[in-house]
Amino acid sequence: MLHSAVLNVMIKAAHRAGRSLKRDLGEVEQLQVSLKGPANFVTAADRRAEEIVYEELAKARPDYGFLGEEGGAREGSDKTHRWIVDPLDGTTNFLHGIPHFAVSIALERNGTIVAGLVYNPANDDLFVAERGKGAFFNDQRIRVAGRQRLSEAIVACGLPHYGRGDLALGLSEIAVAQRHFAGLRRFGAATLDLAWVAAGRYDAYWERDLSPWDMAAGILLVREAGGFVSDLDGQDAILTKGHIAAGNETMHRELLKLIKQAGKNAIKEATTEASAP
């Protein structure tokens, strides 16, 4: 399949970083048996992958800005273009030798995502999209799922943790979703969650407290696959607010309604607890 020059640059960078991560995954699996564990090794693998991606992208487009999870923001002389990169999404999975992780690369032009890529080196799954050109999985066109009944839908989500974010709100959202959807899934890599919505594997997805590199490429994948993506208030401030909802038109709309209801439930519960003797 023919890709644009910029997407070919992104694919080359992802494949090169992916080869490094795949080798490192083999080492992680050996380190699991050690007492110290592979945490330090994985941190180094993450940073190495980002430098590989940066090196490849900078070679082809030296003037573009760069925002990476590990290295932060690097200014470019071209202020209209910026790469947004997560070199290893699903770090905890990778740390445990679970082959569900990804390299994610997005290109932002004047504040709009115009190209996106999500690549899982463990199984060679490659999802790509360019604005106005559709979304593809391993060169096959993909579309969001067409299901309309919530009772038949499988939905991906984040899981709240003690000490991180609003635990009561997170639990309220999950409780509401469990009452309406056929099942919830949590696989631990936001970039792949969005790619799987684009490919019709999941019917919808929502999560809070994410970073731009977790979502940038996936936003374009879902939209180019015919889906709808917004922040949890139904607006387009996804990258600044750090929360997201995605699905086909029906699933996206109904998911936002459920999230709103869950928020009201959480406030009501907190008020009741506060007024209790």
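Going by the structure above, here's the rest.
Residues numbered from 1 in each chain as written. Predicted model: local features only at pLDDT ≥ 70, side-chain atom pairs only at ≥ 80, totals over all residues. Heavy atoms only, no water.

(A) Focus on the pattern of salt bridges. Inspection of every chain in the model, using the stated rule, returns 21 salt bridges. The residue lysine 257 makes a salt bridge to glutamate 254 at a minimum N-O spacing of 3.3 Å. With a gap of three residues between them, lysine 257 and glutamate 254 both fall in helix α8 (residues 249-275), about one helical turn apart. One network of salt bridges, in which partners are shared, links Lys12, Arg16, Glu55, Glu56 and Lys59. (Salt bridge = Lys/Arg side-chain N within 4 Å of Asp/Glu carboxyl O. Helix = DSSP H or I, 4+ residues; strand = E, 2+ residues; numbered from the N terminus.)

(B) Region of the structure containing the pairing of strand β5 (residues 112-120). In terms of residue burial, β5 counts as a mostly covered element, since eight of its nine residues are buried. With seven bridges joining them, strand β4 (residues 102-109) and β5 adopt antiparallel strand pairing. The residue bridging alanine 106 from the neighbouring strand is glycine 116, located in β5. Following β4, the chain reverses through two residues before pairing antiparallel with β5; asparagine 110 in that reversal takes a positive phi of roughly 50 degrees. Here β5 pairs with strand β6 (residues 125-130) via six bridges, running antiparallel. Paired with tyrosine 119 across the strands is leucine 126, a residue of β6. Counted along the chain from β5 to the antiparallel partner β6, the turn is four residues long, and its residue aspartate 124 has a positive phi close to 65 degrees. (Buried < 20%, exposed > 50% of the residue type's maximum accessible area, 1.4 Å probe, protein only. Pairing = 2+ DSSP bridges.)

(C) Highlighting the packing of helix α5 (residues 190-198) against helix α6 (residues 212-224). Taken N-terminus to C-terminus, the directions of α5 and α6 make an angle of 5 degrees; their axes are 8 Å apart at the nearest point. Judged on the interaxial angle alone, α6 and α5 are roughly parallel. Here α5 contributes Ala190, Thr191, Leu194, Ala195, Val197 and Ala198 to the contact with α6, which in turn contributes Trp213, Asp214, Met215, Gly218, Ile219, Leu221 and Val222. (Axes fitted to C-alpha atoms, helices over the stretch in contact; angles between N-to-C directions. Parallel < 35°, antiparallel > 145°, perpendicular 65-115°, else oblique. Contact = heavy atoms within 4.5 Å.)

(D) View of the packing of helix α1 (residues 5-31) against helix α2 (residues 39-60). Running from amino to carboxyl end, α1 crosses α2 at an angle of 165 degrees, the nearest separation of the two axes being 9 Å. With respect to α2, the axis of α1 lies roughly antiparallel. The way α1 lies across α2 gives a crossing that is right-handed. Contact residues: Val9, Met10, Lys12, Ala13, Arg16, Ala17, Ser20, Leu21, Asp24, Glu27, Val28 and Leu31 in α1; Phe41, Val42, Ala45, Arg48, Ala49, Ile52, Val53, Glu55, Glu56, Leu57 and Ala60 in α2. Broken down by class, the residue content of the contact of α1 with α2 amounts to 15 nonpolar, one polar and seven charged. (Left-handed = near helix turned anticlockwise from the far one by under 90°. Nonpolar A, V, L, I, M, F, W, Y, C, P; charged D, E, K, R; others polar.)

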